[in-house]
Amino acid sequence: MSYGYKPELSEGAIKCPIFQTSTFVFKSAEDGKAFFEVAYGLREQNTDEEPGLIYSRINNPDLEILENRLTLWDEAEDCAVFESGMSAITTVLLEFLKPGDLLLISNPVYGGSDHFIKKILPKFGVHVLAFKIGQTKEQIIELVKQSGHSDKLAMIYIETPANPTNDLIDIAGSKEIAKHFSTKEKDVYLAVDNTYLGPLWQHPLKIGADLVLYSATKYIGGHSDVIAGACLGSKALIKRVKGLRTFLGNMASPNTGWLLMRSLETLKARMDIQALNADKVAAFLNQHSKVEKVYYLGNITEEHGAIYEVKKRQCLTNGAMISFDVKGGEAEAFAFLNNLKLIKLAVSLGSTESLAEHPATMTHADVDNATKKELSITEKMIRLSIGVENYEDIIYDIEQALAAV
Ligand SMILES: Cc1ncc(COP(=O)(O)O)c(C=O)c1O
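Residues numbered from 1 in each chain as written. Predicted model: local features only at pLDDT ≥ 70, side-chain atom pairs only at ≥ 80, totals over all residues. Heavy atoms only, no water.

(A) Expanded view of the sheet that holds strand β8 (residues 291–295). Taken in spatial order, the 5 strands line up as β8-β9-β12-β11-β10 in an open sheet, and their pairing is mixed. Unpaired on one side and paired on the other, β8 and β10 (344–345) mark the two borders of the sheet. Two elements, strand β11 (residues 355–357) and strand β12 (residues 381–385), share 3 bridges in a ladder whose sense is antiparallel. Looking at β12, one finds that Leu355 is bridged to Ser385. On the sheet, helix α10 (residues 267–286) packs against β8, β9 (321–326) and β12 and is oriented at approximately 15° with respect to β9. (Pairing = 2+ DSSP bridges. Helix = DSSP H or I, 4+ residues; strand = E, 2+ residues; numbered from the N terminus. Contact = heavy atoms within 4.5 Å. Axes fitted to C-alpha atoms, helices over the stretch in contact; angles between N-to-C directions.)

(B) Expanded view of the site of the ligand. Looking at the ligand, there are 14 residues lining it, with Met86, Asp193, Ser215, Thr217 and Lys218 nearest. Side-chain polar atom of Lys218 to an oxygen atom of the ligand: 2.9 Å apart, as the coordinates give it. Surface burial for the ligand is 93%, taken as the share of its 390 Å² of free accessible area covered by protein chains. A total of 3 residues in the shell around the ligand trace back to one element, the largest contributor, which is helix α3 (residues 85–96). For the shell around the ligand, the per-class residue count stands at 5 nonpolar, 6 polar and 3 charged. (Near = heavy atom within 4 Å. Polar contact = N/O pair within 3.5 Å; in protein donor to acceptor, adjacent residues only side chain to side chain. Areas by Shrake-Rupley, 256 points an atom, 1.4 Å probe, with all protein chains shown as cover. Nonpolar A, V, L, I, M, F, W, Y, C, P; charged D, E, K, R; others polar.)

(C) Representation of the pairing of strand β5 (residues 189–193) within the structure. Taken across its 5 residues, β5 has 5 buried, putting it largely inside the fold. Of the two faces of β5, the one holding Tyr189, Ala191 and Asp193 and the one holding Leu190 and Val192 are both buried throughout. Pairing analysis gives 5 bridges linking strand β4 (residues 153–159) to β5, with the strands arranged parallel. Opposite Met155, over in β5, you have Tyr189 as the bridge partner. (Buried < 20%, exposed > 50% of the residue type's maximum accessible area, 1.4 Å probe, protein only.)

(D) Focus on the side chain of Thr363. As for its placement among the helices and strands, Thr363 is situated in the loop between β11 and α13 (369–374). A residue is classified by how much of its surface remains accessible, and Thr363, at 15% relative accessible area, is buried. Polar side-chain contacts of Thr363 include one of 2.7 Å to the side chain of Glu357. If we ignore the near neighbours within four places in the chain, the residues touching Thr363 are Gly111, Val347, Glu357, His358 and Arg383.

(E) Structural context of the packing of α3 against helix α4 (residues 111–120). Axis separation between α3 and α4 bottoms out at 10 Å; the angle between their running directions is 25°. With respect to α4, the axis of α3 lies roughly parallel. In this structure, α3 crosses over α4, and the sense of that crossing is right-handed. Contact residues: α3 offers Met86, Ile89, Thr90, Leu93 and Leu94, while α4 offers Gly112, Ser113, Phe116 and Ile117. Considering only residue class, the contact of α3 with α4 consists of 6 nonpolar, 3 polar and no charged. (Parallel < 35°, antiparallel > 145°, perpendicular 65-115°, else oblique. Left-handed = near helix turned anticlockwise from the far one by under 90°.)

(F) Layout of the sheet that holds strand β1 (residues 78–82). Ordered by their spatial adjacency, 7 strands build an open sheet running β1-β7-β6-β5-β4-β2-β3, and the pairing between neighbours is mixed. Taken across any chain shown, the strands that pair with only one partner, and hence form the sheet edges, are β1 and β3 (127–130). Between one strand axis and the next, the sheet turns through 20° on average, direction left out of account. Bridging between strand β6 (residues 211–215) and strand β7 (residues 229–233) involves 5 bridges; their strand directions are antiparallel. Counted as the bridge partner of Leu211 is Gly233 from β7. Across the sheet, α3 lies against β1, β2 (102–105), β4, β5, β6 and β7, angled at about 150° from β6, the strand it touches most.

What follows is the structure, given as structure tokens:
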């Protein structure tokens, strides 16, 4: 909670103030020159040298302290924070891909990521290849070889658990694929969107990921009052990410940094309650006669074989996201959503209040119909993000809304 902040540098204030400033005054021209040399990578930082504050697009105390705190959860060397999850994701993709490169992705990914990867990256000459849930390492390697661009594979981008189906992708297995296509001349990097389990419940960097990405709007922010993103990894890779961030100018604002620092103080307390509540809600849905199927990590058991092993290896809890198919179609799903009283009908996830939405027509509206069908994102699917309310209230609300279907 206090990591990285020195009250004596801020008039003794117990909490880090909002450094609402665009620029910082240098003590001398020599200092200014030295700060720029380090910030722009014109020379390495000396061991006894503190990097100086220059300009809030490059660095700001609220961002730097937040970044240092975020590294603790994932045990990362460094972190870069952004004004949205999408800006973290797009900056990473733009930094590590160039025209002609191949990007291998898991499917499904969040609708916004899906749009950028499939509709915008190809305009810059990037080839995109998606593998399917359940495909083995050998099958995926063969798929890459058959694409005709295997020598250009530059990055593997996965989202696990996947939004909204809770499908799991093997992180360590994906790293083996990345290694298979890495050469002396180039590393194939593995980036993992860890938004769905957040920094508490899954640590991709420890099991092979090179970069971990968050929509910090979700669990990290956790109060539905801020949009933000983060990327974590080695010092060398985050230096590249921060380099592009400086020139795209999509860093988080001081106010966003301050809000996220405040949120981090209750991250564990919030997420513990959310996971406990989700378990109770899933148990209720599992036995309900109007519910056809529940997509919840807790429902992946030993009898599911290999994917259960993946879950044991990488998920520390069952999370707080549950999707389910209501018996019927869009009309039944909408009746449920329109009858909720406590749970809010809104997109987003990981916040203190429970939320419900309809992926097929909302978060994943833009995903092409064939893919949606293949991934079970159908008209009868509802996605729930479970909050910190009393779980009996959440279940009561779901029960009465299902009764109205
Ligand atoms: C899994 C996942 N990744 C990325 C994003 C994008 O984050 P943001 O909305 O903060 O830009 C979202 C947003 O819903 C998400 O669910």
